[in-house]
Amino acid sequence: GKVSAKPDVAYLNVGVRTMDKDAGKAQNDNKTTMTKIMDKLKSLNIDEKDIQTSAYNIWPRYNYSGNREILEGYEVENMIRITVHDVGSVGNVLDAVSKEGANRSNGISFGILDMDSIYKQALEKAIDDAKGKAEVMSKKAGVTLLKPLTIYEGNAPSQVFRDEMYNMGIMMDSDGERASSVPIASGELDIQAYVTIVYETR
């Protein structure tokens, strides 16, 4: 059984990567930019609980010349996961954080908050479909279909996402200027359920 539904929540994974010869300055620069991004998100009415740090990394960058390893500096990356409840505003959110200095993105995913109720609809469809197939098969086989002996629920709720993946690079045009808007299409999600029904026949 399959039910298609419009997503009502989006998850954005964006962040800031900075580099400097001094590790402390690289971290401070990163913190300054990330603070601006956080303030901008709050101004867009995104709750603090919907902003979560997903990764924070610092590593040295080396330049290899011949057999020599030369330390060029340090890179700092801070990634956050943003939950956006207004799916229609995703493009505006991405545009806003980019203008505040976000230069990293791990893409966008969409979801449905009340997944349980949608899955139950898919489950009902799956049962109806299984029953219909059993009736056709029993008729062709020349047997009478009686009551179900067992009903097995198949796999756990599965979602087939039709997402628009996004990379911060698309926010820069050929002249290096930031794009004025970010078109994002959320599409639909396919929620599937599987059942197996064993019938008694005579």
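Small disclaimer: the values here were computed from a predicted structure and weren't measured. (Residues numbered from 1 in each chain as written. Predicted model: local features only at pLDDT ≥ 70, side-chain atom pairs only at ≥ 80, totals over all residues. Heavy atoms only, no water.)

1. With respect to the overall build of the chain
Note the following rule: Per the convention used, a helix needs a DSSP run of H or I reaching at least four residues, while a strand needs a run of E reaching at least two, with both numbered from the N terminus. Throughout this description, buried means an accessible area under 20% of the type-specific maximum (1.4 Å probe, protein chains only), exposed means over 50%, and partly exposed covers the range between. In what follows, a contact means two residues having at least one pair of non-hydrogen atoms within 4.5 Å. Every accessible area reported is derived by Shrake-Rupley at a probe size of 1.4 Å, with residue values counting cover from the shown protein chains alone.
Helix and strand counts for the chain stand at three helices and nine strands. Its helices and strands in sequence order give the chain the pattern β-β-α-β-β-α-β-α-β-β-β-β, from N to C terminus. Evaluated residue by residue, the chain yields a buried proportion of 36% over its 202 residues. Relative to all contacts within the chain whose residues are 6 or more apart in sequence, the contacts with residues 24 or more apart total 83%. When the accessible surface of the chain is summed, it comes to about 12,200 Å², and 47% of that surface belongs to carbon and sulfur atoms.

2. Topic: the pattern of salt bridges
We apply this condition: Any Lys or Arg side-chain nitrogen located within 4 Å of an Asp or Glu carboxyl oxygen qualifies as a salt bridge.
For the coordinates displayed, the defined rule picks out ten salt bridges. A salt bridge links Arg-104 to Glu-77; the nearest nitrogen and oxygen atoms lie 3.1 Å apart. Here Glu-77 lies in strand S4 (residues 68-84) and Arg-104 lies in strand S5 (residues 104-111), a separation of 27 residues in the sequence. Overall, the relative accessible area of 30% leaves Arg-104 in the partly exposed class.

3. A look at unusual backbone geometry
Positive phi values are uncommon outside glycine, yet Asn-45 reaches one of about 65 degrees. For Asn-45, the location among the structural elements is in the loop between helix H1 (23-43) and strand S3 (51-65). You can call Asn-45 exposed: its relative accessible area is 70%.

4. Quick look at the pairing of strand S2 (residues 9-20)
For the record, the criterion: Being paired, for any two strands, means DSSP has found at least two bridges between them.
Counted residue by residue, S2 has nine buried out of twelve residues, so it is predominantly covered. Pairing of S2 with S5, which is carried by six bridges, proceeds in the antiparallel orientation. In the sheet register, Leu-12 faces S5, and the bridge partner there is Ile-108.

5. Concerning the environment of Lys-147
Mapping Lys-147 onto the fold places it in strand S6 (residues 145-153). Given the relative accessible area of 55%, Lys-147 is considered exposed. Between the C-alpha atom of Lys-147 and that of Val-198, which follows or precedes it by 51 residues, the distance is 8.9 Å. The contacts of Lys-147, once residues within four sequence positions are left out, are Tyr-199 and Glu-200.

6. What about the nonpolar core?
Worth spelling out the cut-off: Take the buried residues of types Ala, Val, Leu, Ile, Met, Phe, Trp, Tyr and Cys, join any two whose side-chain atoms come within 4.5 Å, and each joined set is a nonpolar core.
Among the nonpolar cores identified, the biggest contains 20 residues, and Leu-12, Ile-37, Leu-41, Ile-80 and Ile-82 are the most heavily contacted of them. Among the elements of the structure, S2, H1, S4, helix H2 (90-99) and S5 are those that each provide at least two residues to this core. Among residues more than four places away in sequence, those in contact with Ile-80 are Leu-12, Asn-13, Val-14, Met-34, Ile-37, Met-38, Leu-41, Ile-51, Gln-52, Thr-53 and Ser-54. Ranked by size, the runner-up nonpolar core spans 17 residues in total, among them Val-3, Ala-122, Leu-123 and Leu-189.

7. Brief notes about a nonpolar patch on the surface
Note the cut-off: By definition, no residue in a patch forms a salt bridge, and every one has over 30% relative accessible area; like charges are joined within 9 Å, nonpolar side chains (Val, Leu, Ile, Met, Phe, Trp, Tyr) within 5 Å.
Taken together, the side chains of Tyr-62, Tyr-64 and Leu-71 define a hydrophobic patch exposed on the protein surface, amounting to about 320 Å² of accessible area. Residue Tyr-64 is classed as exposed on the basis of its relative accessible area, which comes to 56%.

8. Thoughts on helix H3 (residues 115-141)
Rule in force here: Given the number of residues in a helix, its expected span is that number minus one, multiplied by 1.5 Å.
Under the 1.5 Å per step criterion, the end-to-end length of H3 is 38 Å for 27 residues, consistent within 8% with the ideal 39 Å. Residues Met-115, Ile-118, Tyr-119, Ala-122, Leu-123, Ala-126, Ala-130, Ala-134 and Ser-138 constitute the buried set of H3. Of the residues flanking the end of H3, it is Gly-142, one or two places downstream, whose phi is positive at about 75 degrees.

9. Re the confidence of the model for the chain
Let me state the cut-off plainly: Per-residue confidence from the prediction method is given by pLDDT, with values spanning 0 to 100.
A residue-level look at the chain finds 86% of positions with pLDDT of 70 or above and a mean pLDDT of 86. Across the chain, element-level confidence peaks in H1 with a mean pLDDT of 96 and bottoms out in strand S7 (residues 158-161) with 46. For the stretch residues 156-180, pLDDT sits under 50, and the model shows 62 contacts to residues farther than four places along the chain or on other chains.

10. Quick word on the environment of Lys-25
Position of Lys-25 among the secondary structure elements: in helix H1. Once the C-alpha coordinates of Lys-25 and Val-76 are considered, the two residues, 51 residues apart in sequence, prove to be 9.8 Å apart.

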